Amino acid sequence: MTHPIIQDLNRRYTTKKYDANQRISEQDIQVIKQALRLSASSINSQPWKFIVLESDEAKQRFHDTFVNKFQFNQPHATEASHTILFAHNPHFTKEDYKKVVDAEVTSGHLPAERYNDMLNGAFGFVELNTDNQGFNGHWTKAQTYIALGNILHTLARMGIASTPMEGVDAELIGETFKQELDGYQCDFALAIGYHKQDEDYNHGLPKARLPIDDVVTTL
Ligand SMILES: Cc1cc2nc3c(=O)[nH]c(=O)nc-3n(C[C@H](O)[C@H](O)[C@H](O)COP(=O)(O)O)c2cc1C
């Protein structure tokens, strides 16, 4: 299939080795940040933080979180141009949601007189996914994966290489970036940059996906 979207998605792949000398331009980083921000989420909750590790100091802190496990991902911490920590709010509250409804009104998306309808009505979705302790991290984490999918596609279009990493030490990241996370939880990260020619064994391999009829049913 020659559609440009299919070409982008066939071209993107999980990079296994980065060229430490190549950096993503500031202009492209701004596009990536906006694309993250524009990701969709249930009831427009946006229960996320994206922490972009750009400085050598921040990258080294991330590098050190691999001391106990998932060392196969560790080189990306310092060799990739940037890494994005995807974090979710494990206790998303009505106070948090108010900020969203405020933005709905100030942006002109929602008429002011419908403020309470949206706040109380849509928040029902959150309540359905919240336990007795106020934990709704399964639901908020699911939202951050939508942002991951969105940014993988964006990066494919931009020709920027990437590595999604669930192979990270969430506990150590929580300690190392405690201040920046501010109560949010990071369970996965995304290294981004440019691959190292001849040393990235995943580059150029064919896509290995299940047959379309196994995964898509048309009725
Ligand atoms: C949520 C998620 C977590 C992943 N975690 C890792 C990881 O820790 N390390 C790694 O090298 N690849 C990781 N991958 C890459 C997958 O193995 C890869 O996306 C899959 O094999 C499909 O290959 P492709 O991305 O090259 O198309 C992850 C992918 C996703 C979507």
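A quick note: this is a predicted structure, and the numbers were derived from the prediction, not measured.

Draft legend 1. Spotlight on the overall build of the protein. Each helix and strand counted, the protein has 10 helices and four strands in total. Each helix and strand of the protein, ordered N terminal to C terminal, gives the series α-α-β-α-α-β-α-α-α-β-α-α-β-α. When its C-alpha atoms are laid out on the principal axes, the protein stretches across 60 × 50 × 35 Å. Within the protein, the fraction of its 219 residues that count as buried is 40%. The contacts of the protein with a sequence gap of at least 6 include a subset with a gap of at least 24, amounting to 80%. Summed over its atoms, the accessible surface of the protein is roughly 12,600 Å², and 51% of this surface lies on carbon and sulfur atoms. Both charge centroids of the protein, one from 21 positive and one from 29 negative side chains, sit 2 Å from each other.

Draft legend 2. Focus on the packing of helix 5 (residues 94–106) against helix 6 (residues 115–128). Contact geometry for helix 5 and helix 6: axes closest at 10 Å, N-to-C directions at 140 degrees. Here helix 6 runs oblique to helix 5, going by the angle between their axes. Crossing hand, helix 5 versus helix 6: right-handed. Touching Lys94, Tyr97, Lys98, Val101, Asp102, Glu104 and Val105 of helix 5 are Tyr115, Met118, Leu119, Asn120, Ala122 and Phe123, all from helix 6. By residue class, the composition of the contact of helix 5 with helix 6 is eight nonpolar, one polar and four charged.

Draft legend 3. Molecular detail of helix 3 (residues 56–64). Listed as buried for helix 3 are Ala58, Lys59 and Phe62. For helix 3, the arc enclosing every buried residue in end-on projection is 100 degrees, short of the 170-degree limit, so these residues lie on one face. Facing away from the buried side of helix 3, by more than 90 degrees, are the exposed residues Asp56 and Glu57. Of the surrounding secondary structure, the elements contacted by the buried residues of helix 3 are strand 1 (48–53), helix 4 (74–79), strand 2 (82–88), strand 3 (161–165), helix 8 (170–176) and strand 4 (185–193).

Thresholds applied
- Residue numbers restart at each chain and count upward from 1, following the sequence in its written direction.
- It should be noted that, the model being predicted, local features are given only for residues of pLDDT at least 70 and side-chain atom pairs only at 80 or more, the latter also being counted only at that level, while totals for whole chains, interfaces and linings use all residues.
- Hydrogens and water are ignored here; the side-chain numbers use all heavy atoms of the structure.
- Helix numbers and strand numbers start at the N terminus; a helix is a DSSP run of H or I with at least 4 residues, a strand a run of E with at least 2.
- A 1.4 Å probe rolled over the protein chains alone gives each residue an accessible area, and that area as a share of the maximum for its type sets the label: buried under 20%, exposed over 50%, partly exposed in between.
- Only heavy atoms enter the contact rule, under which two residues are in contact if any of them lie within 4.5 Å.
- Throughout, the Shrake-Rupley method with a 1.4 Å probe supplies accessible areas, and for residues the shown protein chains are the sole cover considered.
- Charge assignment: positive for Lys and Arg, negative for Asp and Glu; neither His nor the chain ends contribute.
- Charge positions come from single atoms, namely NZ of Lys, CZ of Arg, CG of Asp or CD of Glu.
- Only the contacting stretch of a helix is used when fitting its axis, a line to C-alpha atoms as for every element, and angles between N-to-C directions run 0 to 180 degrees.
- The cut-offs work like this: below 35 degrees is roughly parallel, past 145 is roughly antiparallel, 65 to 115 is roughly perpendicular, and the gaps in between are oblique.
- For a crossing to be left-handed, the near helix must be turned anticlockwise from the far one by less than a right angle; the clockwise case is right-handed.
- Each residue is assigned to one of three groups, with Ala, Val, Leu, Ile, Met, Phe, Trp, Tyr, Cys and Pro labelled nonpolar, Asp, Glu, Lys and Arg labelled charged, and all others, Gly among them, labelled polar.
- By arc we mean the arc of the directions from the helix axis to the C-beta atoms, nothing more.

All we've got here are geometric facts, nothing functional implied.
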